[in-house]
Every structure is written in C-alpha cells, then in structure tokens.
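Summary of the model geometry
Listed below, chain by chain, are the residues.
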Amino acid sequence: MNPSLAVIFLTLFSGAGFGLMAMVAVVNDFAIDGALSPLRTAILVALALLFVTMGMVSSTAHLANPKNAWRAFTRWRTSWLAREGVFAVLFYPLAIAYLGWVFFMNNDRDGVALLLGNVTALVGLVTIFCQGMIYACLRTIRQWHTPLVPANFYALGLAVGMTVLATSRLLAHRHDLAMVSIACSLLVAAAVMKAIYYFWIGAPSGTTLQTATGFTGGRVRLLDQGHTFGTFLTHEFSNCISPRRALRFKIAVYVLGFLAPIAILLAAAHAAIGLAVLLAPLLAFIGIGLERYLFFVEAQHVVNLYHGRMPGPLPQMHPALRATAENKAPAGKRRLVPSYDER
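Residues numbered from 1 in each chain as written. Predicted model: local features only at pLDDT ≥ 70, side-chain atom pairs only at ≥ 80, totals over all residues. Heavy atoms only, no water.

**Quick notes on the packing of aromatic side chains**
Across all of its chains, the model carries 20 aromatic pairs by this definition. Measuring from ring centre to ring centre gives 4.9 Å for Y135 and W144, while their planes differ by 75 degrees; the resulting arrangement is edge-to-face. Consider the rings of Y197 and F295, whose centres lie 6.3 Å apart with planes at 40 degrees: the pair is tilted. Within this pair, whereas Y197 is found in helix 6 (residues 177–202), its partner F295 is found in helix 10 (residues 279–297), the two being separated by 98 residues in sequence. Judged by its relative accessible area of 2%, Y197 falls in the buried class. The rings of Y135, W144, F153, Y197, Y198, F295 and F296 are connected pair by pair, giving a single aromatic cluster. The ring of W200 is capped by R142, whose NZ or CZ atom sits 4.9 Å from the centre of that ring. (Phe/Tyr/Trp six-rings, centres within 6.5 Å; stacked < 30°, edge-to-face > 60°. Helix = DSSP H or I, 4+ residues; strand = E, 2+ residues; numbered from the N terminus. Buried < 20%, exposed > 50% of the residue type's maximum accessible area, 1.4 Å probe, protein only. Lys NZ or Arg CZ within 6 Å of the ring centre and 35° of its normal.)

Now the structure itself:
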C-alpha cells in the first residue's frame with residue numbers, strides 16, 4: 001500500500017490521544033500513585049485533545065475533495081470509517097466537558113468528574129477499535145484482515161499514552177514506580193503484540209494466481225501485465241519494500257519505540273535526569289511512526305496478481321518487475337518505496 005503521511009499521522013497521534021485519555025481515567029479511578037491533581041488532569045486531557053486534533057487535521061490531507069468530507073459520516077451503519085468519524089466527533093464535547101468540570105470545579109475525584117472521565121475514555125477506546133477495523137475488515141489485504149490489527153492499535157495507543165502520562169509524573173519530581181511500571185509493562189505488551197503480528201504476516205499464505213483462477217492443480221503464470229503504465233491501483237496498491245530494509249525498520253521500531261523509552265523511564269524513576277525524560281515519549285512517537293509506515297507499506301492487495309506480482313516481499317515479484325525495482329541507481333535518487341512506474 002502507499003504509505004501516506006496523512007494517514008500515518010492520523011493513526012499515530014489520534015491513537016496516542018485516545019490512549020492518554022483512557023489512562024488518565026484509569027489512574028484517577030483507581031487512585032494510582034495517589035491519582036492526579038486536578039491541574040495535572042486538566043493539562044493531560046488538553047494534551048490528549050491536542051493529539052487527537054493533530055491526527056484528525058492531518059487526515060484531511062488524504063482527501064481528494066475535502067469539501068465532501070461530511071459524506072464520510074453518512075454511512076455509519078455499514079462503514080467503519082464513518083463510525084470512526086462519528087465517535088471521534090463525539091469525543092470532543094465529552095472531553096471538553098470533562099476538562100471544564102475538572103478545571104473550574106478543581107476536583108477530578110467527585111462523581112461527575114469520574115463519570116465524565118470514564119465515558120470520554122470509553123468513547124476514545126471505541127474510536128480506536130473502529131480505526132483498527134477500517135483495515136481489519138478488508139479481505140483483499142491479508143496483512144490487515146486479522147483481529148491482530150485492532151489489538152495492536154489498542155496496545156500501541158495505550159502504551160504511548162501511558163508513556164506520556166508517566167513522563168509528566170516524572171517531570172513533577174514524583175519518582176513513584178507505579179506509573180512507570182505500568183508504562184513499561186504496556187510498552188512490553190505492545191512489543192510482544194507487534195512481534196506476533198510480524199510473525200503472522202511473515203507466514204507464507206494468501207491468494208495466489210492458482211487460487212485466484214481456480215486452477216490449483218497446476219502452475220499458472222502471467223503472460224502480460226495488467227497495464228502498460230501507472231494507474232490509481234498501481235500507485236496506491238503496488239508499493240513494496242525489500243526484506244532487508246523492512247528488517248532494518250523493524251529493528252528501529254523496537255529500539256526507538258519500545259526499548260529506549262523503557263530505559264529512559266526506568267532511569268528517570270531512580271535518578272533525576274531532568275528534561276531528558278522527554279526523550280521517552282519523543283522516541284516512542286518516532287518508533288511507532290516507523291511502525292505505522294511498515295504497517296502500510298508491507299500490506300499487499302490481491303490486485304497485484306493482475307500486474308504480475310506474487311504475494312510476498314520484493315524477491316517474490318514477477319522477474320520482469322523485480323529487475324527494474326532492484327536497479328542500482330544512486331541512493332540519493334531512489335525512492336524509499338519503488339513506485340510502479342519505476343518498476
């Protein structure tokens with residue numbers, strides 16, 4: 001798939017915002033580390049709203065006709081995209097009401113505050129689920145058509161949100177280990193979930209030319225490509241990445257997105273490292289951003305069979321396409337993901 005930056009930012013920042021709101025509600029519900037002060041709760045809710053807004057605004061860059069964006073809300077009965085939009089919009093008045101109550105009443109532990117916080121967090125979690133199901137419901141893309149996709153969206157959103165919350169706690173010179181331990185545990189859980197996903201998509205399975213045509217008893221080969229030049233389908237669905245480059249990205253995801261934030265949080269919990277603790281959420285965002293990139297670029301639509309590409313990474317492409325995709329052009333002039341025209 002074409003790894004659009006607009007959609008990468010949408011899933012990255014909105015997931016972090018909804019996850020942060022959910023973790024604020026959990027911390028206040030169970031009074032973890034004595035719960036949050038009303039001022040800190042208000043600041044974190046405002047930050048969650050900022051993250052969600054950044055994601056939603058960036059998504060408009062992916063629209064061909066932004067003036068028709070309102071139509072996305074009209075198919076909520078059948079479309080996960082419409083459901084995501086409805087719940088994302090519903091999140092705003094609830095979060096603003098919660099923020100206003102906590103700020104003006106200077107109380108985040110009374111009945112109204114807890115009710116508003118939990119309802120807002122629930123709406124955010126439902127939005128994450130709808131966001132994951134946008135991709136998981138697509139039968140034509142094997143790498144997405146799995147319950148692991150919404151599960152990973154949940155794990156990553158909650159992990160990044162709790163990392164931000166724990167960082168704010170450490171900046172206040174509160175070195176209690178409870179929040180840091182929860183953040184590290186969620187980061188580990190997200191890393192394990194991502195490893196399971198990578199293992200699953202790496203298993204050789206999916207649609208082939210034999211299963212697509214029904215001639216499973218013999219060998220089917222493509223005599224000619226579907227098009228002689230690029231189209232919308234080849235631009236959006238024919239991106240690829242070599243296994244070696246994908247492995248490098250995955251290593252960067254684990255180092256930047258999981259291991260480095262855990263190390264920084266643990267170091268800050270035992271010794272004062274000042275503003276350096278801000279590197280934990282920053283590196284987490286960078287690492288998860290790379291994970292979002294891989295999530296899109298490794299997805300392979302079955303339409304690629306029509307253009308001579310077999311399921312799998314770059315070496316499994318049709319020989320005529322692979323010869324140009326692996327050209328030896330200077331690194332500075334090559335795209336990170338070869339386009340169809342270049343292949």
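**Examining empty space enclosed by the protein**
Within this structure, the stated rule accounts for two cavities of 30 Å³ or more. Of the pockets and cavities examined, the largest cavity occupies roughly 100 Å³. T11, L12, G15, A16, Q131, N152, F153, L156, G157, V160, I288 and R292 are the residues that line the largest cavity. Looking at the lining of the largest cavity, the elements that each hand over two or more residues are helix 1 (5–29), helix 5 (148–171) and helix 10. Per-element tally for the lining of the largest cavity: the top contributor is helix 5, with five residues. (1 Å grid on protein atoms, 1.4 Å probe; cavity = no way out; pocket = protein on both sides within 12 Å on 5 of 7 lines; lining within 4 Å. Points joined across faces, edges and corners; volume = space filled by probe spheres on them.)

**Some thoughts on the layout of surface pockets**
The space that makes up the largest pocket amounts to roughly 1,100 Å³. Lining of the largest pocket is provided by 36 residues; of these, L10, S59, H62, L63 and L81 occupy positions nearest its centre. Those elements that provide at least two residues to the lining of the largest pocket are helix 1, helix 2 (38–59), helix 3 (80–105), helix 4 (111–136) and helix 8 (232–237). By residue number, the principal contributor to the lining of the largest pocket is helix 3, which donates seven residues. When the residues that make up the lining of the largest pocket are grouped by side-chain class, the tally is 23 nonpolar, 10 polar and three charged. (Nonpolar A, V, L, I, M, F, W, Y, C, P; charged D, E, K, R; others polar.)

**Things to note about the nonpolar core**
Core analysis: the biggest nonpolar cluster contains 86 residues, and Y135, W144, L165 and L265 have the highest contact counts within it. Taken together, the elements giving at least two residues each to this core come down to helix 1, helix 2, helix 3, helix 4, helix 5, helix 6, helix 9 (243–270) and helix 10. Ignoring anything within four residues of it in the chain, the contact list for Y135 reads V7, T11, W144, H145, V149, F153, F295 and F296. (Core = buried A, V, L, I, M, F, W, Y, C linked by side-chain atoms within 4.5 Å. Contact = heavy atoms within 4.5 Å.)

**As for the pattern of salt bridges**
Going through the model one piece at a time under the given rule, you end up with three salt bridges. Note that K194 and E291 form a salt bridge whose closest N and O atoms lie 2.4 Å from each other. Here K194, found in helix 6, pairs with E291, found in helix 10; they are 97 residues apart in sequence, far enough to count as distant. You'll find K194 and E291 in the same group, each marked buried. The partner of E291 in a salt bridge is R292, with the nearest N and O atoms 2.6 Å apart. Each member of the pair E291 and R292 is classed as buried. Here the salt bridges share partners, and the residues they tie into one network are K194, E291 and R292. (Salt bridge = Lys/Arg side-chain N within 4 Å of Asp/Glu carboxyl O.)

**A look at the environment of W76**
Its location among the elements puts W76 in the loop between helix 2 and helix 3. Classification of W76 as partly exposed rests on a relative accessible area of 48%. Sequence-distant contacts of W76, defined by excluding residues within four places in its chain, comprise A82, R83 and V86.

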